[in-house]
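Residue-level listing of the chains:
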Amino acid sequence: MTTIAELTLPTDGFALAETFRELPDLEVHVESVVAEGPCRTTPLVWFSNVEPDALEPALERDPSVDQFRRLLDDTADEEWFYRLRYSGDVASICQAVYGHGGTVLGASVADDQWTLRLLFPLREELSDAVSDIEEQGTRVDVRRMVEAGADEDLETTAALTEPQQEAIAEAYRQGYYDVPREISLEELANELDISHQALSERLRRANRVLASEQLEDPTNEMMTDSR
């Protein structure tokens, strides 16, 4: 079933990192993103809280941006509309989304994090896209996920992705959560055939989702282990 999800990525691991370092008060809202072939990604972006005279030199120095062009000035609201062309490293992350049938519905930046709102025809395709992005060394958090038509409120729905479910289930089966542990993180990563870092991130995110579900639902009782 069609799935809509919100993913967060650190600005350092995605687009415009150098621009944000130079202009920390910069505000960004992506209107749409277009894939131009297998290697090019062209977002249409609103920039605010900055003047073009400061923005454009920063974009020129940013290695994640190959080209940019100002399309529209909204001087009343002090917003500037640009078409960007990302470099190969950033485009490869976007292609992980497109390559699995995903569509970028929107994107924004706050607190040094990109938030991407994505649509996938199948939940499995979302999981595959997240795995591909992680394999490129970029940390991804799946913050919200919902099946289209079931509940459109992304603010109230959270779930584990398939890779997170697999990781936490195998960790439990292999005794990673036992005291003392029956298996190390490195050994567990070898069992799952993924990198030590990727497994650590998946377990951390899975634990965060499960903890948030317990804390946000007053009807749940937290289970404790006295061992």
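The residue numbering used here restarts from 1 in each chain and proceeds along that chain's sequence as written. Since the coordinates come from a predicted model, pLDDT governs what is reported: local features require at least 70, and pairs of side-chain atoms require 80 or more to be given and counted, while whole-chain, interface and lining totals use all residues. The basis for every side-chain value is the complete set of heavy atoms in the structure, and neither hydrogens nor water enter the calculation.

Visitor: Quick rundown of the packing of helix α4 (residues 123-135) against helix α5 (residues 162-173)? Include the residues and the values.
Guide: With axes taken as lines fitted to C-alpha atoms, and helix axes fitted only over the stretch in contact, angles between N-to-C directions fall between 0 and 180 degrees. Note on conventions: DSSP H or I runs of at least 4 residues are helices, E runs of at least 2 residues are strands, and numbering of each starts at the N terminus. One way to put it is that α4 packs onto α5 with a least axis distance of 8 Å and a crossing angle of 75°. Classed by the angle they form, the pair α4 and α5 counts as roughly perpendicular. Along its contact with α4, which presents Arg-123, Glu-124, Ser-127 and Ser-131, the element α5 presents Glu-162, Pro-163 and Gln-165. Across the contact of α4 with α5, the residue classes break down as one nonpolar, three polar and three charged. Roughly parallel means an angle under 35 degrees; roughly antiparallel means over 145; roughly perpendicular covers 65 to 115; every other angle is labelled oblique. The criterion used for residue contact is that any of the two residues' heavy atoms lie within 4.5 Å. Under the scheme applied, nonpolar residues are Ala, Val, Leu, Ile, Met, Phe, Trp, Tyr, Cys and Pro; charged residues are Asp, Glu, Lys and Arg; polar residues are all the others, including Gly.

Visitor: Can you explain the pairing of strand β6 (residues 103-110)? Please cite residues and give values.
Guide: A pair of strands counts as paired when DSSP detects no fewer than two bridges linking them. Bridge count between β6 and strand β7 (residues 113-120): seven bridges; the pairing is antiparallel. Each residue of the ladder has a partner; that of Val-104, found in β7, is Leu-118. From the end of β6 to the start of β7, which pair antiparallel, there are two residues, and Asp-111 there has a positive phi angle of about 55°.

Visitor: Describe the nonpolar core, with residues and values.
Guide: What is meant by a nonpolar core is a set of buried Ala, Val, Leu, Ile, Met, Phe, Trp, Tyr and Cys residues, joined one to another through side-chain atoms within 4.5 Å. Categorising residues by exposure relies on relative accessible area from a 1.4 Å probe, with only protein chains included: less than 20% of the type maximum marks a residue as buried, more than 50% marks it as exposed, and the intermediate range marks it as partly exposed. Among the nonpolar cores identified, the biggest contains 42 residues, and Phe-14, Leu-16, Val-28, Phe-47 and Trp-114 are the most heavily contacted of them. Ranked by residues supplied to this core, first place goes to helix α3 (residues 88-98) with six residues. Not counting residues within four places of it along the chain, the set of residues in contact with Val-28 comprises Phe-20, Val-45, Trp-46, Phe-47, Ser-108, Val-109 and Trp-114. In terms of nonpolar packing, the next biggest core, distinct from the first, is built from 13 residues, Ile-168, Leu-188, Ile-194 and Leu-203 among them.

Visitor: Could you give me a rundown of the packing of α3 against α4, with the residues and numbers involved?
Guide: The interhelical angle for the contact between α3 and α4, taken along N-to-C directions, is 160°, at an axis separation of 8 Å. Judged on the interaxial angle alone, α4 and α3 are roughly antiparallel. The crossing of α3 and α4 is right-handed. In contact with Ile-93, Ala-96 and Val-97 of α3, α4 contributes Ala-129, Asp-132 and Ile-133. For the contact of α3 with α4, a count of residues per class yields five nonpolar, no polar and one charged. Each crossing is labelled by how the near helix is turned from the far one, with a counterclockwise turn of less than a right angle marking it left-handed and a clockwise turn marking it right-handed.

Visitor: How would you explain the pattern of salt bridges if you had to name every residue and give the values?
Guide: When a carboxyl oxygen of Asp or Glu lies within 4 Å of a side-chain nitrogen of Lys or Arg, that pair is called a salt bridge. For the structure shown, the criterion picks out five salt bridges. We note a salt bridge from Glu-22 to Arg-61, for which the minimum N-O separation is 2.7 Å. Of this pair, Glu-22 sits in helix α1 (residues 17-22) while Arg-61 sits in helix α2 (residues 52-61), and the two are 39 residues apart along the sequence. Through salt bridges with shared partners, a single network forms among Asp-12, Glu-18 and Arg-21.

Visitor: So what's going on with helix α6 (residues 185-192)? Which residues, and what values?
Guide: Taken as a whole, α6 has its buried residues at Leu-185, Leu-188, Ala-189 and Leu-192. Looking straight down α6, one finds that the buried residues subtend no more than 105° of arc, so they occupy a single side. Facing away from the buried surface of α6 by more than 90 degrees, the exposed residues are Asn-190 and Glu-191. Count one or two residues on from α6 and you reach Asp-193, which has phi positive near 60°. Picture the helix axis, draw a direction to every C-beta atom, and the arc is the one those directions span.

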